[in-house]
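Each chain is listed here by its residues.
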Amino acid sequence: MTLRHARLAALLAAAATVALPPTLAEAARGAGRVRASAPTNVSRPAARPNNISGRTQNTAVANRSGARANNSGNRINNGDVNIGNRTNINIDNDHRWHDWDDDYHPVARGVAFGAAAAVTSAVVGSMIYSLPPACAPRPYGGTSYYYCGNVWYAPQYQADQVVYVVVNPPG
Amino acid sequence: MKLSRFAVAGLGLALLAGSAATQPKGAPDVDPEAIQAVQRMRAYLGTLTAFEVKADSTIEVVLEDGQKVQLEGVTTYKVRRPNGFVIEAAINNKVRQFFYDGRQFTIFAPKYGYYAQVPAPQTIAKTLDEAYDRYGISLPLEDLFHWSEPGEKLVPVTSAIVLGDAVVGGVDTDQYLFRQDDRDWQIWIQKGDQPIPRKLVIVDRTDDARPAYTARLTWNVRPNLTAGAFTFRPSGDAKAIRLSDASR
């Protein structure tokens, strides 16, 4: 089984319990979970107190509404879809493809899509790596926002990664 | 020449004083000649007021089941010491540009048109520290900057070996092996009076699959860089966004 097939299979298996947007299947790229990646320098100590992954995780934990129970590597079942009003649009805290890929994994998009479709509110401060489909730019006061599914998103850099943070409606 | 950053516990004053004829007790795996080669490289890099480097790199990542994947990348560095750089890192389809002009640090993603800009300290070294500590940004091969800063702290090595002659891309080099904390690394340093690093391999020993980062370096030690090259100038459709700050 090729890597791509394995990833796709894992994805599709994981996807069985949720309604996925059709774009997911074609966007299997980068969906495999990464457990390690090579360091790119020898000057920083190995232990990274401000590791961005840790920070991201903390942020997500702080904003978590208790719905996510996933450590299995199966990000589709993050618990963030189909959970009524307690959705926490979830950032994936595992070792990350999005560190290396601008196309992100489609899972986050799927989660966001499901979440946006299923619920009426998202937790302010939670983040996603890519916007739900048809999320339109809605600049306000010189600042970039996106608005869709009754949720406002503001793009920001999390380290060198562009993420979209759920924010209160501007103005 | 200061050894502070590379000093190994037990390496001793003999080496610091430059008489490294005898191998110090307690560091049986550290060949002083390997340490000195790095010191010589650092001293040379420290003499450069500006340089350009292109790094053709491969980063290995390990999937959950242990399968390794290689990601190809090219990173270019344009550097004006001590207070300017433009770096473009392209790995797979992800491209980021980093600008530092002595006043501002900017990160830009051309594909999105998003940039974030923050005030920066007065030197490259301090700016890199702040980027790392405060914003979680670690630039690939940051070592190039740390090495060229005299007095910059490096992680101590526990093993240093001279492997000797090797040719990298047609250039005569010496190859050295080092081990530190949870990383093994190799460096190929050009022979002669311009001891620049030509290749670097860094291996993560914390994972059984031992993912490695490999970079081959092409140098221009006399670049023609204008002062304005280091200042980010957003195009008309570029949009400023926030850079998440861990200290807040």
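Since we're looking at a predicted model, the values are computed, not measured.

**Describing the overall build of chain A**
Argument step 1. A count of helices and strands for chain A gives four helices and six strands.
Argument step 2. Along chain A, from the amino end to the carboxyl end, the secondary structure elements read α-α-β-α-α-β-β-β-β-β.
Argument step 3. For chain A, the proportion of its 171 residues judged to be buried stands at 54%.
Argument step 4. Restricting the contact set of chain A to residue pairs at least 6 apart, pairs at least 24 apart contribute 60%.

**Some remarks on the confidence of the model for chain A**
Argument step 1. Chain-level pLDDT for chain A is 56 on average; 37% of the residues reach the 70-or-more range.
Argument step 2. Here residues 5-31 of chain A is a poorly scored stretch, pLDDT under 50, and it has 46 contacts once near neighbours within four places are set aside; other chains count.

**Notes on the interface of chain B and chain A**
Argument step 1. Each side of the interface is counted separately: chain B has 66 residues, and chain A has 41 residues.
Argument step 2. The tally of links between chain B and chain A comes to four salt bridges.
Argument step 3. Between Asp207(B) and Arg35(A) there is a salt bridge, and its shortest N-O distance comes to 2.9 Å.
Argument step 4. The interface formed by chain B and chain A holds 24 residue pairs in polar contact (both at pLDDT 80 or more) in total.
Argument step 5. Top contributing element to the side of chain B that touches chain A by residue count: helix α3 (residues 124-135) of chain B, with six residues.
Argument step 6. Counted by class, the side of chain B that touches chain A contains 36 nonpolar, nine polar and 21 charged residues.
Argument step 7. In the sheet, strand β5 (residues 151-158) of chain A pairs with strand β13 (residues 242-243) of chain B via two bridges, with the strands oriented parallel. By the bridge assignment, Gln156(A) is partnered in β13(B) with Arg242(B).

**Digging into unusual backbone geometry**
Residue and element names in this part refer to chain B.
Argument step 1. Geometrically, the link from Arg81 to Pro82 is a cis peptide bond, its omega value of 5° lying close to zero.
Argument step 2. Note that Pro82 resides in the loop between β2 (68-80) and β3 (84-91).
Argument step 3. With a phi close to 50°, Arg210 is a non-glycine residue in the positive phi region.
Argument step 4. Within the secondary structure layout, Arg210 lies in the loop between β10 (197-204) and β11 (212-220).

**Quick notes on the side chain of His146(B)**
Argument step 1. Mapped onto the elements of the fold, His146(B) is located in helix α4 (residues 143-148).
Argument step 2. When its relative accessible area of 2% is taken as the criterion, His146(B) is described as buried.
Argument step 3. A polar atom in the side chain of His146(B) sits 2.4 Å from the side chain of Glu152(B).
Argument step 4. Setting aside chain neighbours within four positions, we find His146(B) in contact with Ser43(A), Arg44(A), Arg42(B), Leu128(B), Asp129(B), Glu152(B) and Leu154(B).

**Some points on helix α2 (residues 32-47) of chain B**
Residue and element names in this part refer to chain B.
Argument step 1. The end-to-end C-alpha separation of α2 is 23 Å, in line with the 22 Å expected for 16 residues at 1.5 Å each.
Argument step 2. Taken as a whole, α2 has its buried residues at Pro32, Ala34, Ile35, Ala37, Val38, Gln39, Met41, Arg42, Tyr44 and Leu45.
Argument step 3. Backbone nitrogen of Glu33 and a side-chain oxygen of the N-cap are separated by 2.9 Å at the start of α2; the cap is Asp31.

**A closer look at the state of the cysteines**
Residue and element names in this part refer to chain A.
Argument step 1. Counted according to the given criterion, the structure contains one disulfide over all chains.
Argument step 2. A disulfide bridge connects Cys135 with Cys148, and the sulfur atoms are separated by 1.9 Å. Classification of the bridge connecting Cys135 and Cys148 rests on its S-S torsion, roughly -70°, and on that basis the disulfide is left-handed. Taken together, the positions of Cys135 in the loop between β2 (127-128) and β3 (136-137) and Cys148 in strand β4 (residues 146-148) put the pair 13 residues apart, joining distant regions of the chain.

**Topic: the nonpolar core**
Argument step 1. If you look at the biggest cluster of nonpolar residues, it comprises 75 residues, and the most contacted ones within it are Tyr153(A), Phe85(B), Ile137(B), Trp147(B), Phe178(B) and Trp219(B).
Argument step 2. In terms of residue count, α2(B) provides more of this core than any other element does, seven residues in total.
Argument step 3. Not counting the four nearest positions on each side in its chain, Phe85(B) is found in contact with Lys78(B), Val79(B), Phe98(B), Phe99(B), Tyr100(B), Phe105(B), Ile124(B), Leu128(B), Leu139(B), Phe145(B) and Phe230(B).
Argument step 4. Core analysis: the next-biggest nonpolar cluster, separate from the first, contains seven residues, Phe99(B), Phe230(B), Phe232(B) and Ala238(B) among them.

Thresholds applied
Residues numbered from 1 in each chain as written. Chains lettered and ligands numbered in written order. Predicted model: local features only at pLDDT ≥ 70, side-chain atom pairs only at ≥ 80, totals over all residues. Heavy atoms only, no water. Helix = DSSP H or I, 4+ residues; strand = E, 2+ residues; numbered from the N terminus. Buried < 20%, exposed > 50% of the residue type's maximum accessible area, 1.4 Å probe, protein only. Contact = heavy atoms within 4.5 Å. pLDDT = per-residue confidence, 0-100. Salt bridge = Lys/Arg side-chain N within 4 Å of Asp/Glu carboxyl O. Polar contact = N/O pair within 3.5 Å; in protein donor to acceptor, adjacent residues only side chain to side chain. Nonpolar A, V, L, I, M, F, W, Y, C, P; charged D, E, K, R; others polar. Pairing = 2+ DSSP bridges. Expected span 1.5 Å × (residues − 1). Disulfide = S-S within 2.5 Å. Core = buried A, V, L, I, M, F, W, Y, C linked by side-chain atoms within 4.5 Å.

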